[in-house]
Amino acid sequence: MATTGTDMSRMREMNQLSIVGALRGNPPSTVTELASRSGLSRPAVDVLVQSLVADGWAEVEEPGASSVVGRPARRYRFRATAGHVLGIDIGVHKILVILSDLEGNLVRTVRHPAAPEAAPAERLAAVDRVVDEVLASAGMAAGDIWAVTVGVTGPVDRSGRTSLSSPLPGWSEADPAAHLGARFSCPVQVENDCKLAAVAERWRGVAQDADDIVYLLAGLRTGAGLILDGTLRRGHGGAAGEIGALKAVRWLTAPDHLQSCPGMPATAAEGEAAAWVFQAARDGDRDARTAVRRYTRDLAVGVAALVLALDPQVVVYGGGFSRSADVVLGPLHRELTKHCLRMPELRASTLGDESVALGAVRLALDEVDSRLLSDGLAAPTAPRR
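Each chain has its residues counted from 1, running along the sequence as written. In view of the model being predicted, local features appear only for residues whose pLDDT reaches at least 70, and side-chain atom pairs are presented and counted only at 80 or more, with totals across whole chains, interfaces and linings using the full set of residues. Water and hydrogen atoms play no part in the side-chain values, which are based on all heavy atoms of the structure.

A. Up close: the sheet that holds strand β8 (residues 213–218). Ordered in space as β10-β9-β8-β11-β12, the five strands form an open sheet in which the pairing is mixed. The two strands at the open ends of the sheet, each matched to only one other strand, are β10 (231–232) and β12 (345–348). DSSP bridges decide pairing: two strands pair if at least two such bridges lie between them. Labels follow the DSSP assignment, with helices taken as runs of H or I lasting at least four residues and strands as runs of E lasting at least two, numbered in each case from the N terminus. Bridge analysis of β8 against strand β11 (residues 314–318) gives five bridges, and the strand direction is parallel. Each bridged residue has a counterpart across the sheet, and for valine 214 the counterpart in β11 is valine 315. Should any heavy atoms of two residues lie within 4.5 Å, those residues are considered in contact. Orientation is described by lines fitted to C-alpha atoms, with helices fitted over the stretch in contact, and by angles between N-to-C directions that extend from 0 to 180 degrees. The strands touched by helix α6 (residues 193–204) within the sheet are β8, β9 (222–228), β10 and β11, with β9 carrying the most contacts at an inclination of about 50°.

B. Here's a closer look at the UniProt feature "domain: HTH marR-type" (unreviewed entry) in the protein chain. In the UniProt entry, the feature "domain: HTH marR-type" (unreviewed entry) is given for residues 15–63. With 63% helix and 8% strand, the stretch residues 15–63 has end C-alpha atoms that lie 26 Å from each other. UniProt positions are given in the numbering used here, feature names are shortened, and annotations may be inferred rather than shown by experiment.

C. Quick peek at the pairing of strand β2 (residues 75–78). Relative accessibility under 20% of the residue-type maximum defines a buried residue, over 50% an exposed one, and the middle range a partly exposed one, all with a 1.4 Å probe and only protein chains included. Burial of β2 is one-sided: the residues Tyr76 and Phe78 facing one way are buried, the residues Arg75 and Arg77 facing the other way are not. Two strands pair when backbone bridges link them, and strand β1 (residues 58–61) and β2 are joined in this way by four bridges, in the antiparallel orientation. The residue bridging glutamate 59 from the neighbouring strand is arginine 77, located in β2.

D. Quick look at the sheet that holds strand β3 (residues 84–90). The strand order across the open sheet built from five strands is β5-β4-β3-β6-β7, with neighbouring strands paired in mixed fashion. On the outer flanks of this sheet lie β5 (106–113) and β7 (188–192), each paired with one strand and no other. In this sheet, neighbouring strand axes are inclined to one another by 15° on average, regardless of whether the strands run parallel or antiparallel. By the bridge criterion, seven bridges tie β3 to strand β6 (residues 145–152) in an arrangement that is parallel. Bridge pairing in β6 links isoleucine 90 to valine 152. Contacts between helix α4 (residues 120–137) and the sheet are confined to β3, β4 (94–101), β5 and β6, with β4 contributing the most and set at about 35° to the helix. Sitting on the sheet, α6 touches β5, β6 and β7, and the angle it makes with β7 is about 95°.

E. Expanded view of the packing of aromatic side chains. Side-chain rings of Phe, Tyr and Trp, where Trp is taken by its six-membered ring, are said to pair if the distance between their centres is within 6.5 Å; with planes under 30 degrees apart they count as stacked, over 60 as edge-to-face, and otherwise as tilted. Applying the stated criterion to the full structure yields four aromatic pairs. Seen in terms of ring centroids, tryptophan 57 and tryptophan 146 are 5.7 Å apart; in terms of plane orientation they differ by 70°. Their pairing is edge-to-face. Taken as a pair, tryptophan 57 in the loop between α3 (42–55) and β1 and tryptophan 146 in strand β6 lie far apart in primary sequence, 89 residues in all. Comparing tryptophan 57 with tryptophan 146 shows no difference in burial state: the two are buried. On the basis of an interplanar angle of 75° and a centroid distance of 5.4 Å, the ring pair of phenylalanine 278 and phenylalanine 321 is categorised as edge-to-face. Taken together, the residues span a long stretch of sequence, with phenylalanine 278 in helix α8 (residues 270–282) and phenylalanine 321 in the loop between β11 and α10 (325–337) at a distance of 43 residues.

Written out as structure tokens, the structure is:
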């Protein structure tokens, strides 16, 4: 059978992508090393990598001083700065934007406070200001961004809206994808914050060794993100993991045990009350320990339901309260053992309040990868629109 020119062109693109895959995530490599990783012949790799250098996808690693006699083998590395992505966390109390190159190296991180009562237009205007600051500080324009992912509170449907529920005032009417799409010509996707935090834990957090993960966002609001068989689970309408909506689970009222602890200073703000209780429990205060025990008892109801349904390897305790995991995980483990047939590992998140934006970066990088696989390689000096 004759091979058409189109077939040969596509084969070349796929072989180039194989070399890009062999370069990414690895130290500068020789043609021989790239041939071994890609399974292609050395002469073919030599031609392909030269083409990638010419197109701006790879660059030559200049050899340093060496005592080796003779000319050292030329090494190549992936040009991670060929493009960039943005991960954006639109939270109740903050706007956080992270700029990353194509290898996941974080280039800029900018965080601004947000007013909990801000209307959608005001909150989106704040997002624009933070994005402007990130791009300006990196010397970039909107055209340098190849993908944007936005994290928001509440379940996100296929249109990118939080039509079911959200703690952000009026947010069910907001359309962050359309708003950002007006300034960025690259793909813009919107995802739930708990789901993005779960992605971040598997990418850079405490669950990198796990394929089956329940991420628990624990704070003044409680939620969950699910990864099964290594894949983020969204559900048909984006509401997977929203078990807290069932009142019998008691997630809605679990933080109340911390807010009403006896002995708490009358001046403690809502966000400070839990921190006070956790510290008092750490110091041995009986009332505080009782409040933590009651909180974890209610928390365990929903966690146990997810564990029994999904049988995860790891449950990650994240969110604002994860800073006090040292006083929470012990009681939570004891409560879960009362309900679960098999106990998963309980691990405390170490990503802090960057987990949602980091998960957004990872999904944005996945979007770039999927487009490369479907569209092939174009010169990165002129990003595809």
